[in-house]
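What follows is each chain in one-letter form.
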Amino acid sequence: MKQLTGRDAMRSPGAPSLRREVERQFWVQIATGITSEKAADAVGVSQAVGSRWFRHRGGMPLFMSNPVSGRYLSFAEREEIGLLWAQDVGVREIARRIGRSPSTVSRELTRNAATRGGQLEYRASVAQWKSELMAKRPKPAKLVKNPRLRQYVQERLEGKILDAHGRQIDGPRQAPFIGRNKPHRGDRKWVNGWSPEQIANRLQVDFPDDQSMRISHEAIYQALYIQGRGALKRELVSYLRTGRALRTPRARSRAQAWAHVSEEVMISSRPAEAEDRAVPGHWEGDLIIGLNRSAIGTLVERSSRFTMLVHLPREAGYGLTPRTKNGPALAGYGAITMANALKRTVSTLPTQLCQSLTWDRGKELSDHARFTVDSGVRVFFADPRWSEQEIQAVALTLNNRPRKTLGWRTPAEALNDYLQSVA
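The paragraphs below set out a description of the structure included in this document. (Residues numbered from 1 in each chain as written. Predicted model: local features only at pLDDT ≥ 70, side-chain atom pairs only at ≥ 80, totals over all residues. Heavy atoms only, no water.)

The next thing to look at is the overall build of the protein chain. For the protein chain, the helix and strand inventory stands at 18 helices and five strands. Burial status across the protein chain gives 37% buried among its 423 residues. Taking contacts inside the protein chain between residues at least 6 apart in sequence as the whole, the part at least 24 apart equals 59%. As displayed, the protein chain has an accessible area near 25,200 Å², and 52% of this comes from carbon and sulfur atoms. (Helix = DSSP H or I, 4+ residues; strand = E, 2+ residues; numbered from the N terminus. Buried < 20%, exposed > 50% of the residue type's maximum accessible area, 1.4 Å probe, protein only. Contact = heavy atoms within 4.5 Å. Areas by Shrake-Rupley, 256 points an atom, 1.4 Å probe, with all protein chains shown as cover.)

Here it is, written out as structure tokens:
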């Protein structure tokens, strides 16, 4: 076969693979901000394939976002070559019809032909698979080739928050990384790790004369997100500021995470009488989620500590209707269901006991505006609360991160330079 095709034996492709042209169309759809499932439907592949493409490339299309150069044969041209060759059309005539040189067609019929059975047989699907396989030119990642650089990058991506005395501040327990998940914000470590951009630019400050200690921030992201790079530990994605296991397309990330919480409904706007617990009628609410996604709501009156429980039965179809991403909330604590359940509960109270309701920032009460109109109860959302020691530890961490505006010095270094200059 090597004498016939000029190439060593290649593994069998099995079933025809999905072409890269289709995957490129998939990434064009992703760039519009839609989910991988919808993008897969748009290009005519299964949702499983779309999800696999997105995970495999870490949400980063890289070269797949660039159009293929016209110097390469397309799948449509290969189909035309296969049809004409099966009709015993000559190489020069095929080249004339598809607008290519005869040498290109001749080489294509030889090098990318199927070789099963010991004979050359040209099929467009096999030819496309062979050309895409041979077009891959993977280069070893820079972090793989340079252990010293890899150690520098990894050490600065990792870290724990320390107070002014060097003692560790324990944050929430870290959720185990299982390869695909984005840990909940409350389960992530508090880290003083630098961002990839800070690391990339700080290298020029720490190693001004060592060109081997250079890497772009994009290369660091690729080492974290893209499967198979093997340069950095995959679980380090949980140390990034966003904690994402995959890169989120820019158009998709523009959605506001807490769009239902505006300045008018912050706890700072709550009546002062609710703060001192002197006047009854101001309630605090929360959602308790149990096993098998069961849930109840709790309402506690701030003055008397009187408690009411909100019944949240599951919606019709729960456990029967297949779960779909962004589909209807059937577990009983979706936004509309929660607002309706709260309205039924507070409607049993006298008007003077329905002044305000304070809730955390959970999206189960994102329909709070309609609830306020229907029930007359104003809703406020609580602020996160931290101790003085924890706040100071965060400030210390921020002051020891390199900043772009300071030439990638840290704020602590910049302030220290100023104090020494005026001393």
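A separate point is helix H3 (residues 36-43). Because each turn of an α-helix spans 3.6 residues, side chains separated by three or four positions end up pointing in the same direction. Every buried residue belonging to H3 is among Ser 36, Ala 39, Ala 40 and Val 43, and all of these are buried. Across the axial projection of H3, the buried residues extend over an arc of 100°, all falling on one side. (Arc of directions from axis to C-beta.)

We now examine the pattern of salt bridges. Under the definition given, this model contains 15 salt bridges. The residue Asp 374 makes a salt bridge to Arg 370 at a minimum N-O spacing of 3.4 Å. Of this pair, Asp 374 and Arg 370 both sit in helix H16 (residues 368-375), separated by four residues, roughly a single helical turn. You can call Asp 374 partly exposed: its relative accessible area is 36%. For Arg 370, a relative accessible area of 31% corresponds to the partly exposed category. Counted as one network, the salt bridges with shared partners bring together Glu 93, Arg 96 and Arg 97. (Salt bridge = Lys/Arg side-chain N within 4 Å of Asp/Glu carboxyl O.)

Let's shift gears to the pairing of strand S4 (residues 356-359). The two faces of S4 match: Ser 356 and Thr 358 on one face and Leu 357 and Trp 359 on the other face are all buried. Of the pairings in the sheet, the one linking strand S1 (residues 282-289) to S4 comprises three bridges and is parallel in character. Residue pairing in the sheet places His 282 in a bridge with Ser 356 of S4. With four bridges joining them, S4 and strand S5 (residues 378-381) adopt parallel strand pairing. (Pairing = 2+ DSSP bridges.)

What follows covers the nonpolar core. In this structure, Leu 143, Val 153, Leu 157, Ile 220, Leu 224 and Leu 232 are the most contacted members of the largest nonpolar core, which totals 24 residues. Mapped onto this core, the elements with two or more residues apiece are helix H10 (147-157), helix H11 (196-206) and helix H12 (217-225). Beyond its immediate stretch of four places on either side in the chain, Val 153 contacts Leu 143, Ile 199, Ile 215, Ile 220 and Leu 232. (Core = buried A, V, L, I, M, F, W, Y, C linked by side-chain atoms within 4.5 Å.)

Across the sheet, which stays open at both edges, the five strands sit in the order S3-S2-S1-S4-S5 with mixed pairing between neighbours. Strand pairing shows two members of the sheet lacking a second neighbour, strand S3 (307-311) and S5, which therefore form its edges. Across the sheet, the axes of successive neighbouring strands diverge by a mean angle of 25°, strand direction being ignored. Relative to the sheet, helix H15 (residues 335-346) contacts S1, strand S2 (295-301), S3 and S4, its axis offset from that of S3 by approximately 135°. The strands that H16 touches are S4 and S5; relative to S5, the one it contacts most, it runs at about 150°. (Axes fitted to C-alpha atoms, helices over the stretch in contact; angles between N-to-C directions.)

If you check the backbone angles, Arg 305 has positive phi at about 65° while not being a glycine. Residue position: Arg 305 is located in the loop between S2 and S3. The residue Trp 408 is not glycine, and still its phi comes out positive at about 65°. Secondary-structure assignment places Trp 408 in the loop between helix H17 (388-398) and helix H18 (411-422). Of the residues examined, Trp 408 reaches a relative accessible area of 12% and is grouped as buried.

Going residue by residue along S3, you find Met 308 and Val 310 tucked away on one face and Thr 307, Leu 309 and His 311 left uncovered on the opposite face. In this structure, S2 lies alongside S3, joined through five bridges in antiparallel fashion. Its bridge partner lying in S3, Thr 298 is registered against Leu 309. Counting the residues in the hairpin turn of S2 and S3 gives five residues, including Arg 305, whose phi is positive at 65°.

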